[in-house]
Amino acid sequence: MGTCPLTRMPLLRDNFTGLLHLWARPEVLTCTSWGAPIVWDGTFDPDVAQQEAIQQNLTIGLTVFAVGRYLEKYLARFLETAEQYFMVGQRVVYYVFTERPAAVPRLPLGTGRQLRVECVLRERRWQDVSMERMRTLHAALGGRLGREAHFVFCMDVDQYFSGAFGPETLADSVAQLHAWRYHWPRRLLPYESDPRSAAALAPGEGDFYYHAALFGGSVAALRRLTAHCARGQRQDRARGLEARWHDESHLNKFFWLHKPAKVLSPEFCWCPEIGRRAEIQPRLLWAPKEYPLVRD
Ligand code: UDP
Ligand code: MN
């Protein structure tokens with residue numbers, strides 16, 4: 001059993017990656033101060049992860065919202081590349097949330113992979129579409145999704161897979177480091193600072209800045225996360241407030257209070273506009289932002 005090179009804390013064996021090879025990437029942070037692994041290429045054995053997941057006979061959910069023009073613009077590529085790279089060899093169930101079920105592309109899916117379409121109302125403001133995801137996910141996790149999946153990832157649609165994204169990413173709760181902010185000093189991270197907001201972090205609080213385009217975990221952990229965020233958003237609205245980065249602000253508050261069991265390096269949600277970085281082997285890429293086209 002290894003110890004974390006930073007904290008000297010013993011590292012528990014990760015269910016899905018065998019022993020983590022934290023020393024394989026000495027140039028990056030591979031362990032949080034509370035002993036959670038930060039997953040980078042080279043720190044895990046994808047075959048061990050694959051075998052562990054198969055032995056547990058897992059079903060993995062992947063939720064994505066495609067409301068308004070986001071559907072035509074992004075959904076097909078998101079799903080096509082997920083078929084190529086997301087949890088290949090595992091049982092997967094996609095949940096697509098949209099107000100236009102008939103417009104969802106019907107892709108040929110690999111064996112053991114299914115797609116379900118759930119109807120949602122279209123909110124008028126894009127901020128509300130984004131935030132409403134927490135309430136909708138909470139309900140879905142309490143229903144069929146929660147019954148059929150063991151682990152679930154919740155993702156933005158404006159991105160696409162470009163490399164293997166496998167069970168090495170699974171854990172009870174999983175947070176994603178934000179590609180633009182992973183090396184910023186904490187005092188510059190854009191947490192909500194208005195103390196009246198449920199999402200507020202005081203100066204000195206916050207571990208990392210997590211990206212709401214991707215989070216995951218067990219059904220039970222995600223029920224708690226989505227309940228927390230939906231409640232915070234409701235409270236803010238009742239006070240006439242809206243957190244600086246909407247659902248992402250509430251997500252960051254949640255992960256400050258309830259530390260994630262696993263953290264994904266920016267390799268798992270990389271922005272190509274940042275340019276090439278020697279330490280980054282990207283697996284999921286942001287699509288170019290085209291706000292004038294997709295937002296009203
Ligand atoms: N979304 C959507 N329709 C909208 C606004 C948002 O489907 O009108 C969904 C979509 O999955 C999108 C996510 O909410 O990826 C978050 O919004 P966006 O990606 O625009 O936020 P950003 O990543 O730019 O902060
Ligand atoms: Mn996005």
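This one's a predicted model, so the numbers in the text were calculated from it and none came from an experiment. (Residues numbered from 1 in each chain as written. Chains lettered and ligands numbered in written order. Predicted model: local features only at pLDDT ≥ 70, side-chain atom pairs only at ≥ 80, totals over all residues. Heavy atoms only, no water.)

*Asks:* Lay out the overall build of the protein chain with the relevant residues and their values.
*Replies:* Check the secondary structure of the protein chain and you find 7 helices and 10 strands. Taking 2.2 N^0.38 as the reference for a compact globule, 296 residues should give roughly 19 Å; the C-alpha atoms of the protein chain span a radius of gyration of 18 Å, in line with that estimate. For the protein chain, the spread of C-alpha atoms along the three principal axes comes to 50 × 50 × 40 Å. In the protein chain, buried positions account for 56% of the 296 residues. For the protein chain, the share of sequence-separated contacts (at least 6 apart) that also reach a separation of at least 24 residues comes to 74%. Taken as a whole, the protein chain presents about 13300 Å² of accessible surface, with 53% of it coming from carbon and sulfur. If the 37 positive side-chain charges of the protein chain are averaged to one point and the 32 negative ones to another, these points end up 4 Å apart. (Helix = DSSP H or I, 4+ residues; strand = E, 2+ residues; numbered from the N terminus. Rg over C-alpha atoms; globule rule 2.2 N^0.38 Å. Buried < 20%, exposed > 50% of the residue type's maximum accessible area, 1.4 Å probe, protein only. Contact = heavy atoms within 4.5 Å. Areas by Shrake-Rupley, 256 points an atom, 1.4 Å probe, with all protein chains shown as cover. Lys, Arg positive; Asp, Glu negative; His and termini not counted. Charge placed at Lys NZ, Arg CZ, Asp CG, Glu CD.)

*Asks:* Break down the packing of aromatic side chains for me, with residues and values.
*Replies:* For the structure on display, the rule yields 18 aromatic pairs. Centroid distance tyrosine 210 to phenylalanine 255: 5.3 Å. Interplanar angle 70 degrees. Geometry classified as edge-to-face. Of the two residues, tyrosine 210 is situated in strand E8 (residues 210-218) and phenylalanine 255 in helix H6 (residues 247-257); the sequence distance between them amounts to 45 residues. With respect to burial, tyrosine 210 and phenylalanine 255 carry one shared label: buried. (Phe/Tyr/Trp six-rings, centres within 6.5 Å; stacked < 30°, edge-to-face > 60°.)

*Asks:* Help me get a handle on the site of ligand 1, residues and values and all.
*Replies:* Inspection of the region around ligand 1 gives 14 residues, with Phe65, Val67, Tyr70, Asp158 and Tyr291 positioned closest. Within the side chain of tyrosine 70, an N or O atom sits 2.5 Å from an oxygen atom of ligand 1. A distance of 2.9 Å is found between an oxygen atom of ligand 1 and a side-chain nitrogen or oxygen belonging to arginine 295. Considered on its own, ligand 1 offers 510 Å² of accessible surface; in the complex 89% of this is hidden by protein. (Near = heavy atom within 4 Å. Polar contact = N/O pair within 3.5 Å; in protein donor to acceptor, adjacent residues only side chain to side chain.)

*Asks:* Outline the coordination of the manganese ion (ligand 2), supporting the account with residue identities and numerical values.
*Replies:* The coordination sphere of the manganese ion (ligand 2), as far as protein atoms go, consists of Asp156 (OD), Asp158 (OD) and Asp158 (OD), spread over 2.1 to 2.5 Å. Assigned by exposure class, aspartate 156 and aspartate 158 land together as buried. (Donors = N, O, S within 2.8 Å, 3.2 Å for Na, K, Ca; no water.)

*Asks:* Can you tell me about the sheet that holds strand E4 (residues 113-119), naming the residues and giving the values?
*Replies:* Read across the open sheet, the 8 strands follow the order E1-E9-E7-E8-E5-E2-E3-E4; overall the sheet is mixed. Where the open sheet ends on each side, the last strands, each with one partner, are strand E1 (38-39) and E4. Relative to E8, strand E5 (residues 151-155) is paired through 5 bridges, and the arrangement is antiparallel. Looking across to E8, one finds that valine 152 is bridged to glycine 217. (Pairing = 2+ DSSP bridges.)

*Asks:* Please give an account of helix H2 (residues 70-85) that cites residues and values.
*Replies:* End to end, H2 covers 21 Å across 16 residues, agreeing with the expected 22 Å (1.5 Å per residue, within 8%). For H2, the set of buried residues is Tyr70, Leu71, Tyr74, Leu75, Phe78, Leu79, Thr81, Ala82 and Glu83. Positive backbone phi, at 50 degrees, marks methionine 87, one or two positions downstream of H2. (Expected span 1.5 Å × (residues − 1).)

*Asks:* How would you explain helix H5 (residues 219-238) if you had to name every residue and give the values?
*Replies:* Here H5 is 20 residues long and its end C-alpha atoms lie 28 Å apart, about the 28 Å a rise of 1.5 Å per residue gives. Looking at H5, one finds that the buried residues are Val219, Ala221, Leu222, Leu225, Thr226, His228, Cys229, Ala230, Gly232, Gln233 and Asp236. Buried residues along H5 sit against helix H3 (126-141), helix H4 (144-148), E5, strand E7 (173-177), E8 and H6.

*Asks:* Could you give an account of the pattern of salt bridges, with specific residues and numbers?
*Replies:* In total, this model carries 17 salt bridges according to the counting rule given. The partner of arginine 25 in a salt bridge is glutamate 27, and the shortest N-O contact between them spans 2.9 Å. We classify arginine 25 as buried; its relative accessible area is 9%. The exposure class assigned to glutamate 27 is partly exposed, which follows from its relative accessible area of 49%. Among the salt bridges present, the one from aspartate 156 reaches arginine 133, with a minimum N-O distance of 2.7 Å. In this pair, aspartate 156 is assigned in the loop between E5 and strand E6 (159-161) and arginine 133 in helix H3, connecting sequence segments 23 residues apart. We note that aspartate 156, like arginine 133, is buried. Residues participating in the shared-partner salt-bridge network are Arg25, Glu27 and Glu267. (Salt bridge = Lys/Arg side-chain N within 4 Å of Asp/Glu carboxyl O.)

*Asks:* Which residues make up the environment of glutamate 290, and what values do they have?
*Replies:* Inspection of the secondary structure assignment puts glutamate 290 in the loop between strand E10 (284-286) and helix H7 (291-294). In sequence terms glutamate 290 and lysine 73 are 217 residues apart; their C-alpha atoms lie 9.3 Å from each other. Those residues in contact with glutamate 290 that lie beyond four places of it in its chain are Lys73 and Tyr74.

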